[in-house]
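Each chain, letter by letter, is given below.
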Amino acid sequence: DAKTTQPPSMDCAEGRAANLPCNHSTISGNEYVYWYRQIHSQGPQYIIHGLKNNETNEMASLIITEDRKSSTLILPHATLRDTAVYYCIVRVEDFGNEKLTFGTGTRLTIIP
Amino acid sequence: DAGITQSPRHKVTETGTPVTLRCHQTENHRYMYWYRQDPGHGLRLIHYSYGVKDTDKGEVSDGYSVSRSKTEDFLLTLESATSSQTSVYFCAIKGTGTDTQYFGPGTRLTVL
């Protein structure tokens with residue numbers, strides 16, 4: 001799996017859009033970008049994933065640059081409940097038993 | 001809610017005692033995983049299962065065994081608990097034809 005680089009921490013004001021960057025300059029053509037988050041003391045939670053097109057779901061949007069070397073997770077209207085550690089993971093889509101490998105992630109704090 | 005429960009949620013035990021953690025799912029998913037999470041190490045895979053009675057080791061399997069006698073339950077056993085096994089344990093599931101893992105709420109185990 002390709003290595004990812006994320007800032008260790010970020011703050012965002014409540015109600016504003018939170019934009020979390022991820023660099024993955026060594027990504028391969030068949031590797032997807034996944035985002036998970038972990039709210040304090042809870043299990044990790046899947047957010048979204050994509051290959052090269054931008055993706056949106058009820059939780060967030062994922063913007064992947066044209067060269068696919070970086071991406072941004074956008075939480076459009078951050079709430080206090082979005083305070084968590086966010087993990088960007090790059091991996092080949094696997095329908096088998098492949099484990100997930102989490103890095104250190106970005107600790108996002110939503111400020112009231 | 002992916003229908004995953006873990007029991008117990010908290011446990012304190014003494015060195016040398018056997019401990020069994022249970023992961024239960026209601027979604028009939030094929031794949032199940034046990035991870036442990038420790039400060040500075042992130043999530044590490046202990047064992048996983050790809051079907052009833054089909055299990056395999058992960059990266060930190062020493063001191064742990066698993067069993068899956070029915071689809072909905074995946075048990076993790078510490079035959080003789082040690083202080084190094086003090087950790088938070090997460091179960092995860094994944095369905096066929098998807099690469100999204102859903103995590104349980106975790107079990108906090110303390111070995112004194």
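Fair warning: this is a prediction, and the values are worked out from it, not measured in the lab.

Calculation notes
Residues numbered from 1 in each chain as written. Chains lettered and ligands numbered in written order. Predicted model: local features only at pLDDT ≥ 70, side-chain atom pairs only at ≥ 80, totals over all residues. Heavy atoms only, no water. Helix = DSSP H or I, 4+ residues; strand = E, 2+ residues; numbered from the N terminus. Buried < 20%, exposed > 50% of the residue type's maximum accessible area, 1.4 Å probe, protein only. Contact = heavy atoms within 4.5 Å. Disulfide = S-S within 2.5 Å. Buried area = accessible area lost by both parts, 1.4 Å probe. Polar contact = N/O pair within 3.5 Å; in protein donor to acceptor, adjacent residues only side chain to side chain. Nonpolar A, V, L, I, M, F, W, Y, C, P; charged D, E, K, R; others polar.

Undergrad: Please set out the environment of Asp54 of chain B residue by residue, giving values where relevant.
TA: Residue and element names in this part refer to chain B. Along the polypeptide, Asp54 turns up in strand β6 (residues 54-57). On the basis of relative accessibility, which here comes to 33%, the residue Asp54 falls in the partly exposed class. With 55 residues separating them in the primary sequence, Asp54 and Leu109 have C-alpha atoms 26 Å apart. If we skip the residues at most four places from it in the chain, Asp54 touches Tyr48 and Ser49.

Undergrad: Outline the environment of Arg81 of chain A, supporting the account with residue identities and numerical values.
TA: Residue and element names in this part refer to chain A. In this structure, Arg81 sits in the loop between β7 (70-75) and β8 (84-92). Its relative accessible area of 67% is what places Arg81 among the exposed residues. Those residues in contact with Arg81 that sit more than four places away from it in its chain are Arg37 and Ile39.

Undergrad: Can you break down the state of the cysteines residue by residue, with the values?
TA: Residue and element names in this part refer to chain A. Tallied over the full model, the rule gives two disulfides over all chains. Disulfide partner of Cys22: Cys88, at an S-S distance of 2.1 Å. Handedness of the Cys22-Cys88 disulfide follows from its S-S torsion of about -85°: it is left-handed. Of this pair, Cys22 sits in strand β2 (residues 18-23) while Cys88 sits in strand β8, placing them 66 residues apart in sequence. Judged on exposure class, the residue Cys22 and its partner Cys88 are both buried.

Undergrad: Lay out the interface of chain A and chain B with the relevant residues and their values.
TA: At the junction of the two partners, chain A supplies 20 residues and chain B supplies 20 residues. For the pair chain A and chain B, the two sides together bury roughly 1600 Å², of which 50% comes from carbon and sulfur. For the pair chain A and chain B, the interface holds two residue pairs in polar contact (both at pLDDT 80 or more). Listed by contribution, the elements that provide at least two residues to the side of chain A that touches chain B are β3 (31-38) and β8 of chain A. For the side of chain A that touches chain B, the per-class residue count stands at nine nonpolar, six polar and five charged.

Undergrad: Break down the side chain of Ser87 of chain B for me, citing the residues and quoting the values.
TA: Residue and element names in this part refer to chain B. By the element assignment, Ser87 lies in strand β9 (residues 87-94). Residue Ser87 is classed as buried on the basis of its relative accessible area, which comes to 6%. Once you skip the residues sitting within four places of it in the chain, Ser87 turns out to touch Arg36, Gln37, Asp38, Thr107, Arg108 and Leu109.

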